[in-house]
Amino acid sequence: MTSTGPDHPTRDAGFGIYLHWPFCAAKCPYCDFNSHVRHAGVDQPRFLDAFRAEIAHNAARTPGRTVTSIFLGGGTPSLMAPATVAGLLDAVAGHWAVAPDAEITLEANPSSVEADRFRGYRAAGVNRVSLGVQALDDASLKKLGRLHNAAEAFAAIGVAQAVFDRTSFDLIYARPDQTPALWRAELSEALTRAAEHLSLYQLTIEPGTPFHGLAAAGKLVTPDDETGRVLYDVTQEVCGQAGLPAYEISNHARPGAESRHNLLYWRYGEYAGIGPGAHGRLVTPAGRIGTVTERGPEEWLARVEHDGHGIVETETLQAADQADEFLVMGLRLAEGIDPERYAALKGRPLNGNRIGMLVGDGLLHRLPGGRIAATPRGAPVLNALVAELAA
């Protein structure tokens, strides 16, 4: 699908739906996502009705779109009953056309994986699952505050692969006391179980998290920058040799198995963000807009029940903002960016002298068709690269 609007066409980036289910069984000490624990339980039918209302509101702003991907993220969407997931997907299909080959992903934690529940998600229309495994040994999982152990993680991977044709799982590296040799062994083990896709994230200490407090007190020490770079290089080497090269800084896949929904983000496509704390990027007659919904689940629920949606911020993105977002997102990809699209968004081209300098420094390279991309040397310093190009 090609969106139309006053900015540049999104070409083949597609139109996606992000549905944020904000509830978790426990809050991980490194997590700064919009996730919440509700020990008293969640009124799923009431929240489902609110999602239906916000879906309808977004659909009224984006008529004529064809949905190419749906992502149920969180939080822990696998805590939803299959009937709730079916209700969400039916609501999307009731307001937009959904492509026959649309990718529909659900995030799950191994501690909440049950074969019958996964079969229920499959029957509801989910065709891809992403598991938050995070580590493959019990000691690391305990330090990360995860509710599952390694055996449960391996079992969950097996269940997912038996039910769904497409699966992925996440690991976190650069953990306390992790050496390149330990990470190489763990990653090699993961690759024996990964069917087509892995998401591999360096641990970052985020403000406001328990890990941040521990690190500030000297009770949590993560690998230094030099070791972190070695760990990154090990990641690229091991995954590349196994046939899952990086198609984005933190994501690896067999060719053709890339996450289509994530590619939509990185290619600066169009997507509706629905649910507590969700962000969206939509093309409207007034221009490309960014939307943000109320973060608090109960506050979001009250807003939707009163107003028909939970959106608390709507920003019309100026040309410079769009160009900068496109640059930041697109340079994360191995395929890089098309400078002509940047020029169409910004109103002026990238500085050719700066591009030449960065190519000469080995931080950028030119690809066929005129695209430019970060080199393996440039990817770890992407923020500096983007700042230089955007100046």
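Predicted model, so just to flag it, every value in this text is computed and none were measured.

Analysis parameters
- Residues numbered from 1 in each chain as written.
- Predicted model: local features only at pLDDT ≥ 70, side-chain atom pairs only at ≥ 80, totals over all residues.
- Heavy atoms only, no water.
- Helix = DSSP H or I, 4+ residues; strand = E, 2+ residues; numbered from the N terminus.
- Expected span 1.5 Å × (residues − 1).
- Buried < 20%, exposed > 50% of the residue type's maximum accessible area, 1.4 Å probe, protein only.
- Polar contact = N/O pair within 3.5 Å; in protein donor to acceptor, adjacent residues only side chain to side chain.
- Contact = heavy atoms within 4.5 Å.
- pLDDT = per-residue confidence, 0-100.
- Axes fitted to C-alpha atoms, helices over the stretch in contact; angles between N-to-C directions.
- Parallel < 35°, antiparallel > 145°, perpendicular 65-115°, else oblique.
- Nonpolar A, V, L, I, M, F, W, Y, C, P; charged D, E, K, R; others polar.
- Left-handed = near helix turned anticlockwise from the far one by under 90°.
- Core = buried A, V, L, I, M, F, W, Y, C linked by side-chain atoms within 4.5 Å.
- Salt bridge = Lys/Arg side-chain N within 4 Å of Asp/Glu carboxyl O.
- Phe/Tyr/Trp six-rings, centres within 6.5 Å; stacked < 30°, edge-to-face > 60°.
- Lys NZ or Arg CZ within 6 Å of the ring centre and 35° of its normal.

(A) Representation of helix α1 (residues 44–61). When the terminal C-alpha atoms of α1 are compared, their 26 Å separation across 18 residues agrees well with the 26 Å that a helix rising 1.5 Å per residue should span. Along α1, the residues classified as buried are Gln 44, Phe 47, Leu 48, Ala 50, Phe 51, Glu 54, Ile 55, Asn 58 and Ala 59. The opening residue of α1, the one whose side-chain oxygen lies 3.2 Å from the backbone nitrogen of Arg 46, is Asp 43.

(B) Representation of the side chain of Ser 69 within the structure. For Ser 69, the position within the fold is in strand β4 (residues 66–74). Residue class for Ser 69 comes out buried when judged on its relative accessible area of 1%. Only 2.7 Å separates the side chain of Ser 69 from the side chain of His 261, close enough to count as a polar contact. Setting aside chain neighbours within four positions, we find Ser 69 in contact with Phe 15, Gly 16, Ile 17, Glu 103, His 261 and Leu 264.

(C) Broad picture of the confidence of the model for the chain. The share of residues in the chain with pLDDT of 70 or more is 97%, and the mean pLDDT across the chain is 93. Note that pLDDT drops below 50 for residues 1–11; the model gives that stretch 35 contacts with residues more than four away or on any other chain.

(D) Molecular detail of the packing of helix α13 (residues 352–360) against helix α14 (residues 382–390). Contact geometry of α13 with α14 gives a least axis separation of 9 Å together with a crossing angle of 150°. In terms of orientation, α13 and α14 fall into the roughly antiparallel class. Counting all contacts with α13, which are made through Arg 354, Ile 355, Met 357 and Leu 358, the residues of α14 involved are Leu 385, Glu 388 and Leu 389. Its residues placed into classes, the contact of α13 with α14 shows five nonpolar, no polar and two charged.

(E) Representation of the packing of helix α6 (residues 180–193) against helix α8 (residues 225–241) within the structure. For the pair α6 and α8, interaxial distance at closest approach is 10 Å and the crossing angle is 30°. Classified by the interaxial angle, the pair formed by α6 and α8 is roughly parallel. Once α6 is placed against α8, the crossing between them reads as right-handed. For the pair α6 and α8, the contacting residues are Pro 180, Trp 183, Arg 184, Leu 187, Ser 188 and Leu 191 in the first and Thr 227, Val 230, Leu 231, Val 234, Thr 235, Glu 237, Val 238 and Cys 239 in the second. In terms of residue class, the contact of α6 with α8 is made up of nine nonpolar, three polar and two charged.

(F) The arrangement of the nonpolar core in detail. Membership of the largest hydrophobic core comes to 85 residues, with the highest contact counts inside it found for Ile 17, Leu 19, Leu 72, Phe 118 and Leu 131. Per-element tally for this core: the top contributor is α1, with six residues. Those residues in contact with Leu 19 that lie beyond four places of it in its chain are Phe 51, Ile 55, Ile 70, Phe 71, Leu 72, Gly 73, Leu 88, Val 92 and Ile 274. Counting residues in hydrophobic clusters, the runner-up holds 11 residues, among them Tyr 30, Ile 172, Leu 203 and Phe 211.

(G) Geometry of the pattern of salt bridges. Using the criterion set out here, one finds 20 salt bridges in the structure. Glu 270 is the salt-bridge partner of Arg 65, the closest N and O atoms lying 2.8 Å from each other. With Arg 65 in the loop between α1 and β4 and Glu 270 in strand β11 (residues 270–274), the pair connects residues that are 205 residues apart, well separated along the chain. Classification of Arg 65 by relative accessible area gives buried; the value is 11%. On the basis of relative accessible area, Glu 270 is assigned to the buried category, the value being 0%. Measuring nitrogen to oxygen at the nearest pair gives 2.8 Å for the salt bridge that ties Glu 325 to Arg 281.

(H) Structural context of α6. Along its 14 residues, α6 runs 20 Å from first to last C-alpha, staying within 8% of the 20 Å computed at 1.5 Å per residue. Where the residues of α6 are buried, they touch β7 (166–173), β8 (197–202) and α8.

(I) Expanded view of unusual backbone geometry. Along the chain, Gly 74 connects to Gly 75 via a cis peptide bond; the corresponding omega equals 20°. Summarising the element assignment, Gly 75 is placed in the loop between β4 and α2 (82–95). Here Ala 174, not a glycine, exhibits a phi torsion of approximately 65°, which is positive. Inspection of the secondary structure assignment puts Ala 174 in the loop between β7 and α6. Overall, Ala 174 belongs to the buried group, its relative accessible area being 4%.

(J) Highlighting the packing of aromatic side chains. For the coordinates displayed, the defined rule picks out 15 aromatic pairs. Seen from their ring centres, Trp 21 and Phe 23 are 5.4 Å apart, and the 75° between their planes marks the pair as edge-to-face. There is no split in this pair, since Trp 21 and Phe 23 are both buried. Ring geometry for Phe 51 and Trp 300: centres 5.0 Å apart, planes at 55°, overall tilted. Remark: Trp 300 occurs in helix α10 (residues 297–307) and Phe 51 occurs in helix α1; sequence separation between them is 249 residues. Classification of Trp 300 as buried rests on a relative accessible area of 0%. Ring pairing ties together the aromatic residues Trp 21, Phe 23, Phe 47, Phe 51 and Trp 300, which thus form one cluster. The ring of Tyr 268 carries the charged tip of Arg 288 above its face, separated from the ring centre by 4.2 Å.

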